[in-house]
Amino acid sequence: REVSWRVTWPEVLVSQSASSSKNAPIAVVGMACRFPHAKDLPELWKVVSTGEVTFENIDESRWKHSAFVDTKDLRAADKTYMLKGAFIDGVDEFAALHYGMAPRRVQVMDPQQRLAIEATRQALQDAGYDTKPFDKLHTGVFLGASVSEYRDLMTARHRAMQMVNGEYGDNLSTAEQEAVRASVADVVPARAFSIAGGLLNMIACSVSQTFDLSGPAMQIDAACSSALVAIHEAAVNLRAGVVNMAVAGGVYLNLGPDNLIGFSRIGAISPSGACRPFDAKADGFVMGEGVGVVILKRLDDALRDGDRVYAVIKGSGCNNDGRGEGPMTPRPEGQKDAMRRAHAELDFGVDSITYVETHGTATTVGDVVEVGALRQFFSERLGKPVDEQYCWLGSIKANVGHTMSAAGVAGFIKTCLMMHHGVIPPQPAIAEPNPKLDLPNSPFKLTHQAVPWTTKA
């Protein structure tokens, strides 16, 4: 799926009002996050503004990674060649009683649910709604998530029994059967809360239940676009009047080697252990994880209620590529169409855009397709080729890795913080720009150091 955004300066839009609810601008009034080396917004801004890279060797406390690594044979079965990742600390910590939850429920609850609940509390506090009332009856929750790796861990006892029964291979001897049973003895047996604890759709529902919110509660799986599609759906519901406030974002925790092995098989993981969007040596991404939540309201309502406004969403576009070369192969036509949808019915020229936060995976195909589609779209809107470099490019994946279903909200929050601070941060890991991007003959440029961000004259 392709998702395109036009998030603009709050002060530019405060004096404008939408001509219809369909085009009503949406205000970002609260944010919270937790990403590698960043337990909150100030720490994320420190990571981004200094160009910090958070990749570290994978700690064996997550899983015995040494058993899944082969750095010599890049095609070894059931192996990855990657030694590094970007992780958050304390994913096993949660103040259950603070939220009125039974510890036995929390024990079998996907930590992604816990992270989403905690981030929502912090985002509501950031918006000021921990101390002032809001319309809980018409507050919706729209969260992106694609996989529950914790559920795989919690069902290990069931898989072990299937192994004992010979369902995955040869029949086991009595001694082997006992060894398999013993290997999962520390896994919590299934209990009343286990189903609710492992279902992805319960992430949004648990947030709504915890904060007594009665609007729609939707868990959205759109792969790497999940968080941005969730924000898009929140904006759609706000403009339609279904909700008056929305909690939106995404979450991903990397609790097992499965995704890392799978992405290694298609060559998307960087063999060099670095994520270098736009660089000539870009060879893939590094796995990351995290959670991000934003609080959204219609701009008119936010101004009426005296909310602080980080940024304003003027438009968003959401689509699918249609028939491509493969289910994960990007198409420039699909990306341009998403941008056209974001700009539909908006008087918003591309010559006023001075920053684009990209998907920026650093894969050999992805960056070329994405920047090429951006170049074509800018030229199409201006009616001529553009060779004046006036628009900065960035990708947060160089800092915190590819956070999967939280990737979109990571870039979204980064961009809102950039506008809040008025700074274009350095783009890490750029030694030599990828010549295939042909940046000198495009509107786009990169920076190695933080520079002031102002609107284009």
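Residues numbered from 1 in each chain as written. Predicted model: local features only at pLDDT ≥ 70, side-chain atom pairs only at ≥ 80, totals over all residues. Heavy atoms only, no water.

J.: Would you mind going over the sheet that holds strand S10 (residues 355-357) in detail, with residue names and values included?
T.: Two modes of strand pairing occur in sheets, parallel and antiparallel, and in both the strands are linked by backbone hydrogen bonds. Taken in spatial order, the three strands of this open sheet run S10-S11-S13, and their pairing is parallel. Bordering the open sheet on either side are S10 and strand S13 (444-445), each of which pairs with just one other strand. Helix H16 (residues 407-421) rests against S10 and strand S11 (391-394) of the sheet, and its axis sits at about 155° to S10. (Pairing = 2+ DSSP bridges. Helix = DSSP H or I, 4+ residues; strand = E, 2+ residues; numbered from the N terminus. Contact = heavy atoms within 4.5 Å. Axes fitted to C-alpha atoms, helices over the stretch in contact; angles between N-to-C directions.)

J.: An account of the packing of helix H4 (residues 111-126) against helix H9 (residues 201-211) is requested, with residue identities and associated values reported.
T.: Closest axis-to-axis distance for the H4/H9 pair is 9 Å, and the angle between their directions is 45°. Judged by the angle between their axes, H4 and H9 are oblique. In the crossing of H4 with H9, the sense of the turn from one axis to the other is right-handed. Residues Gln112, Gln113, Ala116, Ile117, Thr120, Arg121 and Leu124 of H4 form the contact with H9, whose participating residues are Met202, Ile203, Ser206, Val207, Thr210 and Phe211. Across the contact of H4 with H9, the residue classes break down as seven nonpolar, five polar and one charged. (Parallel < 35°, antiparallel > 145°, perpendicular 65-115°, else oblique. Left-handed = near helix turned anticlockwise from the far one by under 90°. Nonpolar A, V, L, I, M, F, W, Y, C, P; charged D, E, K, R; others polar.)

J.: Outline the environment of Asp221, listing residues and values.
T.: Here Asp221 is to be found in the loop between strand S6 (217-220) and helix H10 (226-240). The spacing of Asp221 and Arg239 is 18 residues in sequence and 22 Å in space, taken between C-alpha atoms. Side-chain polar atoms of Asp221 contact the side chain of Ser146, separated by 2.8 Å. (Polar contact = N/O pair within 3.5 Å; in protein donor to acceptor, adjacent residues only side chain to side chain.)

J.: I'd love a proper account of the pattern of salt bridges, names of residues and values included.
T.: It is possible for side chains bearing opposite charge to pair when their charged atoms get close. Within this structure, the stated rule accounts for 15 salt bridges. Notably, a salt bridge pairs Asp307 with Lys297, separated by 2.8 Å at the nearest N-O pair. One end of the pair, Asp307, is in the loop between helix H12 (299-304) and strand S9 (311-319); the other, Lys297, is in strand S8 (residues 290-298), and ten residues separate them in sequence. Across this residue pair, the class does not change: Asp307 and Lys297 are buried. Ionic contacts of the salt-bridge type, sharing partners, join the residues Lys132, Lys297, Arg298, Asp301, Arg304, Asp305 and Asp307 into one network. (Salt bridge = Lys/Arg side-chain N within 4 Å of Asp/Glu carboxyl O. Buried < 20%, exposed > 50% of the residue type's maximum accessible area, 1.4 Å probe, protein only.)

J.: So what about the layout of surface pockets? Which residues, and what values?
T.: The space that makes up the second largest pocket amounts to roughly 530 Å³. In this structure, the second largest pocket is lined by 19 residues; those nearest its centre are Ser61, Arg62, Val91, Asp92 and Leu255. Mapped by element, the contributors of at least two residues to the lining of the second largest pocket are strand S3 (56-57), H4 and helix H5 (149-154). (1 Å grid on protein atoms, 1.4 Å probe; cavity = no way out; pocket = protein on both sides within 12 Å on 5 of 7 lines; lining within 4 Å. Points joined across faces, edges and corners; volume = space filled by probe spheres on them.)

Nothing here speaks to function; it is all geometry.
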